[in-house]
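Structural overview for review
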Amino acid sequence: MRMILFGPPGAGKGTQAARLLERFQVAHLSTGDMLRAAVKAGSELGQAAEGYMKRGELVPDQLVCDLVVERLGQPDCEKGFMLDGFPRTVPQAEALDQTLVRAGIALELVLVLEVPDALIVERITGRRSDPQTGAIYHLKFNPPPAEVADRVVQRADDTEEACRTRLAKYHAETTPVLPFYDAKGIVKRVDGVGTPDEVTARVIAAIA
Ligand code: AMP
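Since the model is a prediction, treat every value here as computed from it, not as a measurement. All chains use their own residue numbering, which begins from 1 and follows the written sequence. Given that the model is predicted, a residue must reach a pLDDT of at least 70 before its local features are reported, and side-chain atom pairs must reach 80 or more before they are shown or counted; all residues, however, enter totals for whole chains, interfaces and linings. Remark: hydrogens and water are excluded; side-chain values derive from all non-hydrogen atoms of the structure.

1. Re the packing of aromatic side chains
For this analysis, a ring pair means two rings from Phe, Tyr or Trp (six-membered ring only for Trp) whose centres lie within 6.5 Å, classed as stacked if their planes differ by under 30 degrees, edge-to-face if by over 60, and tilted for the remaining angles. Scanning all chains against the criterion turns up two aromatic pairs. Each ring, one from Phe 6 and one from Tyr 170, has its centre 6.1 Å from the other, and the planes form 55°; the classification is tilted. Here Tyr 170 lies in helix 8 (residues 160-174) and Phe 6 lies in strand 1 (residues 2-6), a separation of 164 residues in the sequence. Type-normalised accessible area, obtained with a 1.4 Å probe on protein chains alone, sets the label of each residue: buried when under 20%, exposed when over 50%, and partly exposed for intermediate values. Owing to a relative accessible area of 8%, Tyr 170 belongs among the buried residues under this scheme. Consider the rings of Phe 180 and Tyr 181, whose centres lie 5.0 Å apart with planes at 80°: the pair is edge-to-face. Judged by relative accessible area, Phe 180 falls into the partly exposed class, the value being 30%. Helix and strand assignments come from DSSP, with helices taken as H or I runs of at least 4 residues and strands as E runs of at least 2, each series counted from the N terminus.

Here is the structure:
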């Protein structure tokens, strides 16, 4: 399977990706995760990306495209991949297309998780994760168990201000990517409102 998991910040891409990876043995390419790892490692890329990420802005296309193109060339992507959080701009979609054409492979699915803006801010500001396991929780909708509650952390860009910037970027720069894939007839839209289990059932049905 070669697919893109698409949707606004806080749509549940990370949560659904983790569930899908239990079923489909493909490589998971989350540019957000890769960039956060680069920031943590203090690499040149991480230093260049950190400010943009904290403000909720997009990291420049060239940096992200280089990262993804390099990653797609690694052997584990031969069995399939799930892109998560990429492409986020039309130039990124074009760079991806060129890379795939050169490699002689085609995307099979762009799965869009649809969640209204009004819900996104509540989802994002309440989001917490367990630094030890990577599990994602929500203070209200999916509270961490007592033994984990003391160690959960909030992402630096999960503040309300950065969230509103990220949402604005999504509508201005990321949704214009969709017509490109609509023209190829590979887009499926899934209602992302509901419990994680409800959404997973819809996602699996859409993939089937
Ligand atoms: P995410 O974990 O997907 O919400 O990404 C967190 C942050 O990383 C975003 O707000 C951007 O600053 C940066 N980022 C992740 N993916 C991309 C991308 N494809 N293009 C530009 N910036 C990105």
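2. Brief notes about the environment of Ile 4
The topology assignment puts Ile 4 in strand 1. With relative accessibility at 0%, the residue Ile 4 sits in the buried group. Ile 4 sits 103 residues away from Leu 107 along the chain, and the two C-alpha atoms are 8.0 Å apart.

3. As for the layout of surface pockets
The method works on a 1 Å grid over the protein atoms by themselves. A cavity is a set of points holding a 1.4 Å probe that cannot get out, a pocket is an open set with protein on both sides within 12 Å along at least five of seven lines, and residues with an atom within 4 Å of a point line them. Grid points are joined across faces, edges and corners, and a volume is the space filled by probe spheres set on the points. The space that makes up the second largest pocket amounts to roughly 220 Å³. Looking at the second largest pocket, it is lined by 13 residues, and the ones nearest its centre are Leu 72, Cys 77, Phe 81, Ala 103 and Ile 105. Of all the secondary structure elements, the ones that give two or more residues to the lining of the second largest pocket are helix 4 (61-72) and helix 5 (90-103). Ranked by residues supplied to the lining of the second largest pocket, first place goes to helix 5 with three residues.

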